[in-house]
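# Commentary on secondary and tertiary structure
So the chains spell out like this:
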Amino acid sequence: RSVPGADGLSIHLIEWSDQGVALVLLHGFGNEAHIGDDFAPVVAPFYRTLAVDLRGHGDSAHDPERRYDYQSHVRDLEAITSELDIDRLVLVGHSFGGRISTLFAARHPQRLAGLVLVDAGPELDARGVSRISTDVKRSVDLSFASLAECENALTHAYPAAQPAAVARMARYGMRKREDGRYERKTDPAFHAARGELTAAAAKALEKETTKELWDALGQITCPALVVRGAASDVLDPDTAERMAEEVLQNGRLAVVPRAGHSVMTDNPEGFSEAVSRFALSDD
C-alpha cells in the first residue's frame, strides 16, 4: 500500500502483519522494501512487520525538489508512523536506512522498543565508499533488454548475494520503460546534489554528518544491535565495536559470517538468526 510521507510525497510499503509492536524495515541506497523478504516472515508472527520503500526508491515517489537528505527521510518515517497510528516500534535499518534509523531513534528515544543497525555507522570505510560510488556512476544511465540481463549486472554488483535475492532485486528494483527496456527505479537525482559539491564541501558535509550520528548514538537508550557482515568493506570492525560497546547505552554486536555489506542478501539465514535472536529475546 501507499501512505502519505512528508512534503506531499507518496511512500510505498509492504505490510507483512498487523498485530503487535511495529517492526519497520528500512533498506539501503539503491534497494527497496523486498530486500527484507527473507527476514520479514521470521518476525511477522511476533511483530506488526512493515518494509518501506524510501522516497526516490522502489514504488515510492521521486522528489522533484531532490530532498534526499537524512532528515527528509526521518520526516517521512514520522509521517508514516503517524498515518499508521504507530507509537512504539523497533527499527531495522540497513546502510543508508541505518543512518535514518539512528537519527529517528535519537529524536524519539521514548518511542523505540529496539534498534538494529545493519552494516551502518557514523564512519564509513573508504573502500566501500569508493566501490559504491563507482557502481552508482556506472549504473545511472544503464538500461537492460531483459530481467535476465538485469540479474547478470546485479550479480557483478552483489557478488556474494544468493541467486534468489538477486532475482528479487531485478524483479522489484527495475521498471520496464515504454521502449521495452528495463531501468532502475531509484531516482537518478538521489546522489546528483552531492555529486555537484566540490571535494572540500563533500568532505565537510560527511564530517558534519559523522559527528551528528555519533552524538545521536549516544542518546539512544533502547536495546540496540549492531550487525556487521564479516567481510564488509563499509563498516570496519573498530567502528562497529565502538558503537556497540562504548557509545550505545544498551548495545551489542553481531558479526554475520559469509557476508559483506549487503548482509541480508549474502547470508539470509545468518542475518535472520542474528536479528531474530535479538528481536525475540525477553530482554
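Note: the structure precedes this text.
Cut-offs applied
- Residues numbered from 1 in each chain as written.
- Predicted model: local features only at pLDDT ≥ 70, side-chain atom pairs only at ≥ 80, totals over all residues.
- Heavy atoms only, no water.
- Helix = DSSP H or I, 4+ residues; strand = E, 2+ residues; numbered from the N terminus.
- Rg over C-alpha atoms; globule rule 2.2 N^0.38 Å.
- Buried < 20%, exposed > 50% of the residue type's maximum accessible area, 1.4 Å probe, protein only.
- Contact = heavy atoms within 4.5 Å.
- Lys, Arg positive; Asp, Glu negative; His and termini not counted.
- Charge placed at Lys NZ, Arg CZ, Asp CG, Glu CD.
- Pairing = 2+ DSSP bridges.
- Axes fitted to C-alpha atoms, helices over the stretch in contact; angles between N-to-C directions.
- Parallel < 35°, antiparallel > 145°, perpendicular 65-115°, else oblique.
- Left-handed = near helix turned anticlockwise from the far one by under 90°.
- Nonpolar A, V, L, I, M, F, W, Y, C, P; charged D, E, K, R; others polar.

Here the focus is the overall build of the protein. Per the secondary structure count, the protein includes 11 helices and 10 strands. Over its C-alpha atoms the protein spans a radius of gyration of 18 Å, differing by no more than 12% from the 19 Å that the globule rule assigns to 283 residues. Across its three principal axes, the protein shows a C-alpha extent of roughly 55 × 45 × 40 Å. For the protein, buried positions account for 54% of its 283 residues. Of all intrachain contacts in the protein linking residues separated by at least 6 positions in sequence, the fraction that spans at least 24 positions is 75%. Taking the average place of the 31 positive charges on the side chains of the protein and the average place of its 43 negative ones, the gap between the two points comes to 2 Å.

So, on to the sheet that holds strand β2 (residues 10–15). The strand order across the open sheet formed by 8 strands is β1-β2-β4-β3-β5-β6-β9-β10, and the pairing between neighbours is mixed. The open sheet has two free edges, formed respectively by β1 (2–4) and β10 (251–256), since each of these has just one partner strand. The average undirected angle you get between the axes of adjacent strands in this sheet is 25°. When strand β5 (residues 89–94) meets strand β6 (residues 112–118), the two strands line up parallel, connected through 6 bridges. By the bridge assignment for β6, His94 is matched with Val118. On the sheet, helix α2 (residues 70–83) packs against β1, β2, β3 (22–26), β4 (48–52) and β5 and is oriented at approximately 105° with respect to β1.

Turning to the environment of Val118, a few remarks are in order. Residue placement: Val118 occurs in strand β6. For Val118, a relative accessible area of 1% puts it in the buried group. Along the primary structure Val118 and Val275 are separated by 157 residues, whereas in three dimensions their C-alpha atoms are 9.4 Å apart. Apart from the residues lying within four places of it in its own chain, the contact partners of Val118 are Val92, Gly93, His94, Ser95, Val227, Val263, Met264 and Phe271.

Contact pair helix α5 (residues 147–157) / helix α6 (residues 163–173): the axes reach a minimum separation of 9 Å and the direction vectors enclose 125°. If you check the angle between α5 and α6, you find them oblique. For the crossing formed where α5 meets α6, the hand is right-handed. Here Leu147, Cys150, Glu151, Leu154 and Thr155 of α5 come into contact with α6, specifically with Val166, Ala167, Met169 and Ala170. When its residues are assigned to classes, the contact of α5 with α6 shows 7 nonpolar, 1 polar and 1 charged.

The subject of this paragraph is the environment of Asp238. Within the element layout of this structure, Asp238 appears in helix α9 (residues 237–247). We classify Asp238 as exposed; its relative accessible area is 60%. Spatially, the C-alpha atom of Asp238 lies 21 Å from that of Met264, the residues being 26 residues apart in sequence.

Purely geometric numbers; function is a separate question.
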